[in-house]
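Read off the chains here:
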Amino acid sequence: MASSGGMTKSVVITGANSGIGKATALELAGAGYDVIGTARSESKANDLHVAARERDVPLRTVLLDVADAQSTEQGFKEIDAMTDGGPWAVINNAGFAHSGAIEDVSDDDARYQLEVNLVAPMRIARLVLPTMRERGDGRIVNISSIAGRVSSPMAGWYSASKFGLEAATDALRVEVEPFGVRVILIEPGGFGTGIWTESQTRLPAEANSAYADAYERAHSAAGLADRYMPDPVWVARVIRLALNNPVPLARYLVGVDAVSLFLGQKLAPTILADYVKSVSAGIRRLPLPGRKPS
């Protein structure tokens, strides 16, 4: 059982009703942690409870919206009461991807992407740090992405949110380490979470866009990609290992594609990396025989 001084360690996971959050909640509950998953609605929380009953593992839920400061503060007051002052660890998993060319994404949509993926995790860190510091022990795990290392066309604002999360996390890690609090970045590649299929619902209108061909390619590729992507349980297991390690790594790249993309970005000339990204996104076409270059 995951315990400290005879007490079960409590772990809060935001956005725990699906994808990596759900897999992690079930994995950690099965490993003996006191898991509290957050969700935005009763129906989403119920989805997690159903999955927990199927796995025969105990967990609890709290309703909150990470994009709403008041909702988040109220939710963590409930969590403080449930954990005798505050959780041992928090896993900032809640997030989403807003696809679209930079030219096509509105200011409001860009701000909301940054609010959920960047501002919210730092807000939650502020809420849990006082108790962790007083205790002299704690973990803050921020779920980033290989998109926090490698920026891709048609996902610029998502990459911006993850690059920003990594920069803020690097600063936070150094700031709180003297107080016994460890801050960890998890950087998954592509896993079957549905995030990119869901992102298709937010694609800008194709009719008047200069990137209509790329959007059409994204629509056709999203469902196929999710079908063949690995199970997010592998990310959950890395998170469990990181929590169990008394001296965890600062960053964990998870997935063959994440490692490959990271190395490719480091080793390939920028002009070549840009061309490969452009072709992959459907912005350019390969200059095949008989085809005019785009």
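The structure we're discussing is the one just above.
None of these values were measured; they are calculated from a predicted model. Throughout this description, residue numbers start from 1 for each chain and increase along the sequence as written. The predicted nature of this model means local features are confined to residues of pLDDT at least 70 and side-chain atom pairs, given and counted, to a pLDDT of 80 or more, with totals for whole chains, interfaces and linings taken over all residues. Only hydrogens and water are set aside; all other atoms, that is, all heavy atoms of the structure, feed into the side-chain values.

*Asks:* Explain a nonpolar patch on the surface residue by residue, including any values.
*Replies:* There is a patch of nonpolar side chains on the surface, built from V259, L263 and L267 and spanning about 290 Å² of accessible area. Structurally, the position occupied by L263 is in helix α9 (residues 256-267). Residue classification places L263 among the partly exposed residues on the basis of a relative accessible area of 43%. In this analysis, a patch consists of residues with relative accessible area above 30% that form no salt bridge, clustered at 9 Å for like charges and at 5 Å for the nonpolar side chains Val, Leu, Ile, Met, Phe, Trp and Tyr. To measure how exposed things are, a 1.4 Å probe is used in the Shrake-Rupley method; for residues, cover is taken only from the protein chains shown. Salt bridges are defined by distance alone: a side-chain nitrogen of Lys or Arg within 4 Å of a carboxyl oxygen of Asp or Glu. For the purposes of this entry, the term helix denotes a DSSP run of H or I that reaches at least four residues, the term strand denotes a run of E that reaches at least two, and both are numbered from the N terminus. Each residue gets one of three labels from its accessible area relative to the maximum for its type: buried under 20%, exposed over 50%, partly exposed in between, using a 1.4 Å probe on protein chains only.

*Asks:* Explain unusual backbone geometry to me, using residue names and the numbers behind them.
*Replies:* Positive phi, close to 60 degrees, is recorded for D56, a residue that is not glycine. Inspection of the secondary structure assignment puts D56 in the loop between α2 (42-55) and β5 (60-63). For D56, a relative accessible area of 69% gives the class exposed. The phi angle at M154 is positive, at roughly 75 degrees, despite the residue not being glycine.

*Asks:* Run through the environment of A214, naming residues and quoting values.
*Replies:* On the secondary structure map, A214 appears in helix α7 (residues 212-228). For A214 and V279, which are 65 residues apart along the polypeptide, the C-alpha to C-alpha distance reads 9.4 Å. Setting aside anything within four residues of it in sequence, one finds A214 in contact with M154, A281, G282 and I283. Throughout, a residue-residue contact means that at least one pair of heavy atoms, one from each residue, lies within 4.5 Å.

*Asks:* Can you break down the pairing of β5 residue by residue, with the values?
*Replies:* By this definition, two strands are paired if DSSP reports at least two bridges between them. Strand direction decides the pairing type here: strand β4 (residues 34-39) and β5, joined by 4 bridges, are parallel. Bridging from a neighbouring strand, G37 pairs with T61 of β5. Note on handedness: a crossover is taken as right-handed if, strands pointing away from the viewer, the path from the first strand over the helix to the second is clockwise. Handedness of the crossover joining β4 and β5 through α2 is recorded here as right-handed.

*Asks:* Explain the pattern of salt bridges to me, and be specific about the residues and the numbers.
*Replies:* Counted according to the given criterion, the structure contains 11 salt bridges. Its salt-bridge partner being E27, residue R240 comes within 2.7 Å of it at the nearest N-O pair. You can see R240 sitting in helix α8 (residues 233-244) and its partner E27 sitting in helix α1 (residues 19-30), a full 213 residues away along the chain. R240 gets classed as partly exposed once you look at its relative accessible area, which sits at 22%. With a relative accessible area of 11%, E27 lands in the buried category. Note that E187 is salt-bridged to R149, the shortest N-O span being 2.8 Å. Separated by 38 residues along the polypeptide, E187 in strand β8 (residues 181-188) and R149 in the loop between β7 (138-143) and α5 (156-176) bring together distant segments of the chain.

*Asks:* Give me the lowdown on the packing of α1 against α8, citing residues and values where you can.
*Replies:* Only C-alpha atoms enter the line fits that serve as axes; for helices the fit covers just the stretch in contact. Angles between N-to-C directions range over 0 to 180 degrees. Close contact between α1 and α8 brings their axes to 8 Å; oriented N to C, the two are set at 50 degrees. With respect to α8, the element α1 is oriented oblique. Read as a crossing pair, α1 and α8 show a hand that is right-handed. Here α1 contributes I20, A23, T24, E27 and L28 to the contact with α8, which in turn contributes V233, V235, A236, R237, I239, R240 and L243. Just so you know the grouping, Ala, Val, Leu, Ile, Met, Phe, Trp, Tyr, Cys and Pro go in nonpolar, Asp, Glu, Lys and Arg go in charged, and all remaining residues, Gly too, go in polar. The residue makeup of the contact of α1 with α8, split by class, is 8 nonpolar, 1 polar and 3 charged. The cut-offs work like this: below 35 degrees is roughly parallel, past 145 is roughly antiparallel, 65 to 115 is roughly perpendicular, and the gaps in between are oblique. Helix crossings get a hand from a simple test, with the near helix turned counterclockwise from the far one by less than a right angle marking a left-handed crossing and a clockwise turn marking a right-handed one.

*Asks:* Describe in detail the sheet that holds strand β9 (residues 251-254), supporting the description with residues and values.
*Replies:* Spatially, 7 strands are ordered β5-β4-β3-β6-β7-β8-β9 in an open sheet, and the strand pairing comes out parallel. A single partner strand is all that each edge strand has here, and the edge strands are β5 and β9. Within this sheet the neighbouring strands show an average axis-to-axis angle of 20 degrees, counted without direction. Two elements, β7 and β8, share 6 bridges in a ladder whose sense is parallel. Residue pairing for β8: G138 is matched across the bridge by V181.

*Asks:* Just give me the short version of the pairing of β7, but keep the residues and values in it.
*Replies:* A large share of β7 lies buried, amounting to 6 of its 6 residues. Of the two faces of β7, the one holding G138, I140 and N142 and the one holding R139, V141 and I143 are both buried throughout. By the bridge criterion, 4 bridges tie strand β6 (residues 89-92) to β7 in an arrangement that is parallel. Bridge pairing in β7 places I91 opposite V141. With helix α4 (residues 107-135) bridging β6 and the parallel β7, this β-α-β connection has right-handed handedness. Crossover handedness for the path β7 to α5 to β8: right-handed.

*Asks:* Tell me about the packing of helix α3 (residues 69-82) against α4, and please be specific about residues and values.
*Replies:* Where α3 meets α4, the closest approach of the two axes is 11 Å, and the angle between their N-to-C directions is 30 degrees. When the axis of α3 is compared with that of α4, the two are roughly parallel. Where α3 crosses over α4, the two elements pack in a sense that is right-handed. The residues of α4 that touch α3, namely those facing A69, T72, E73 and F76, are R123, I124, L127 and V128. Residue composition of the contact of α3 with α4, by class: 5 nonpolar, 1 polar and 2 charged.

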